[in-house]
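This is what each chain is made of:
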Amino acid sequence: MRDQILTDTPIVWTIAGSDSGGGAGVQADLLTFADLGCHGCSAITANTAQNTVEVVAINAVSTAVLDSQLQTLQRDLFPIAIKIGLLANAEQVLAVADFLRTLKGLKPVPVIYDPVAVATSGSGLTEGDITAEVKSHLIPQCDLVTPNLHELEWLTQMKIGGADSILSAARQLYIQGGAAVLVTGGHLQLRPGEVSDLLWDGYKADWFIGREVQSENTHGTGCTLSSAIAACRALGYPLRDACVVGKAYVQRGLRLAANKHIGAGAGPVGHYGWPLELADFPEVLVPGETRAQDYGLNTQDNMQPRVQGFAEMDSRKLGLYPVVDSVEWLQRLADQGVRTLQLRIKDPGEGLRQQVEQAVAIGRSYNLRLFINDYWQLAIECGAYGVHLGQEDLQAADLAAIQSSGLKLGISTHGFYELLLAYRYRPSYLAIGAIYATNTKDMSEQLQGVQKLARMVALLPDHPLVAIGGISLQRVPEVIATGVGSVAVVSAITKSVNYKRTLAELKALLEDKHAEVEPC
């Protein structure tokens, strides 16, 4: 294999059947890849004869033909991610599994498998039973499997009847094959009007809940979802981010294709570009909310109810937001007219309360928007303006106490999944990071970049958002060009040779781009 020339367009493969009706299979996959900014390559497993009302024939290609496609692609167009759809017989399953085993020995490649083998009617779509080969050979080479409920029953031989059985079957499938499982819920509504997908990755269960869309254009939703996830993985999105974006992409396709029917049967789901409207994204179910009982999440007697709706900020655009690690730095920046600040003390020692009390006193003196990082109990006791929490603190902190105290609440997020999860609490603001690599902590697995930042800003145009992580003076212009209302900096000021001059330049950049706007 020759070295692939690095480009801005990642290469994604689909190994699947051709849908002569154009609504599913390879055709849907390639449309999705292109729509999300990837270059799609295809290895055809079968040439199906179908339209919107019938599947007349599934004409499998030989394993020699399939292997020749895969080997040729590998030599010149090495994939960043792979989506697998219809494999027409056991021989194809074994051939693809062997190929993936060799390919992954060269370089890790995320593989998403949409187990297209059983029609909604229950009839098989393959030449003979491929169950044993899929479970023993193919799934162990995959990173994510995306069965609908019929396919989940096929793979696990379990009867699905509700949330608990879906989770139990997903766990069993994970144990058998070692791949994460995203169960799509289009065939069963656990709550009226809600279409809910379950993700189980061996550690945590997440329900992604979308609103039902009345549409006759539903053909190819499973193919489109799995290929959208593959595209997002190729673009560098972690698994949960890829799943929620993929679900939003399908939701957008269902919504916008509602009046564009094609054919006499179920028309194809639409392909309408990157989802940028919050309404298309799923809600991430939060333990403690009432409806969680219908999804099997509230199993603990002492489960605390979800707290939602914290004190609002006085502006949607908070401007420059330095994060400092000492009261001394807090005083210096307050003297320079900085209005929004965060005190993040990493090694508090014995004088933590005294430091927080001093910080709160400075905040009151200068009328600061001063947030205390992590130490929410002291923030409440000392009467701070606000508190900032990381994702890991959401379950440990007493959110009800923070809410009743009137403190403003900021929450850190790292990508689409965490943004959607944190937004369910309706905090005072949301921080998005890390935008760039930073020396303060290793965020290499959670870098967002300005393109992702702009897409997240588009979802919540009326909510206070803060960009953070590796933002230098030179990078501020491209960050604020995304429309984000606040920029948090750490070392850009405290490590500066002349912090006063750097501070003045930062303030000038932000104030030139957007002045304070009307209260929320």
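Keep in mind it's a predicted model, so treat the numbers as computed, not measured.

Here we come to the side chain of serine 227. Within the secondary structure, serine 227 is located in helix H7 (residues 221-234). Judged by relative accessible area, which is 0%, serine 227 ranks as buried. One polar contact links serine 227 to threonine 32, side chain to side chain, over a distance of 3.5 Å. One polar contact links the side chain of serine 227 to the main-chain carbonyl oxygen of threonine 224, over a distance of 3.1 Å. Aside from chain neighbours lying at most four places away, what touches serine 227 is Ala28, Asp29, Thr32, Phe33 and Lys83.

Glancing now at the sheet that holds strand E7 (residues 180-183). In spatial order, the strands read E3-E2-E1-E4-E5-E6-E7-E8-E9-E10; together these ten strands make up an open sheet with mixed pairing. One side of each edge strand has no neighbouring strand; the edge strands of this open sheet are strand E3 (55-60) and strand E10 (283-284). Bridge count between strand E9 (residues 205-211) and E10: two bridges; the pairing is antiparallel. When the bridges of E10 are listed, phenylalanine 208 appears paired with valine 284. Relative to strand E8 (residues 194-200), helix H6 (residues 163-177) is tilted by about 30°, and along the sheet it contacts strand E6 (144-145), E7, E8 and E9. Along the sheet face, helix H8 (residues 239-256) touches E6, E7, E8 and E9 and points at about 15° away from the line of E9.

Quick look at the pattern of salt bridges now. The final tally for this structure, using the stated rule, is 23 salt bridges. A salt bridge links arginine 252 to glutamate 277, with the shortest nitrogen-to-oxygen separation between them at 3.5 Å. Residue arginine 252 is found in helix H8, and its partner glutamate 277 is found in the loop between H8 and E10; the two are separated by 25 residues along the sequence. Classification of glutamate 277 as partly exposed rests on a relative accessible area of 39%. With a shortest N-O distance of 3.0 Å, glutamate 289 and arginine 291 are connected by a salt bridge. Of the two residues, glutamate 289 and arginine 291, neither departs from the other in class, the shared state being buried.

Here is what the cut-offs are and how they apply
Residues numbered from 1 in each chain as written. Predicted model: local features only at pLDDT ≥ 70, side-chain atom pairs only at ≥ 80, totals over all residues. Heavy atoms only, no water. Helix = DSSP H or I, 4+ residues; strand = E, 2+ residues; numbered from the N terminus. Buried < 20%, exposed > 50% of the residue type's maximum accessible area, 1.4 Å probe, protein only. Polar contact = N/O pair within 3.5 Å; in protein donor to acceptor, adjacent residues only side chain to side chain. Contact = heavy atoms within 4.5 Å. Pairing = 2+ DSSP bridges. Axes fitted to C-alpha atoms, helices over the stretch in contact; angles between N-to-C directions. Salt bridge = Lys/Arg side-chain N within 4 Å of Asp/Glu carboxyl O.

None of this, on its own, says anything about what the molecule does.
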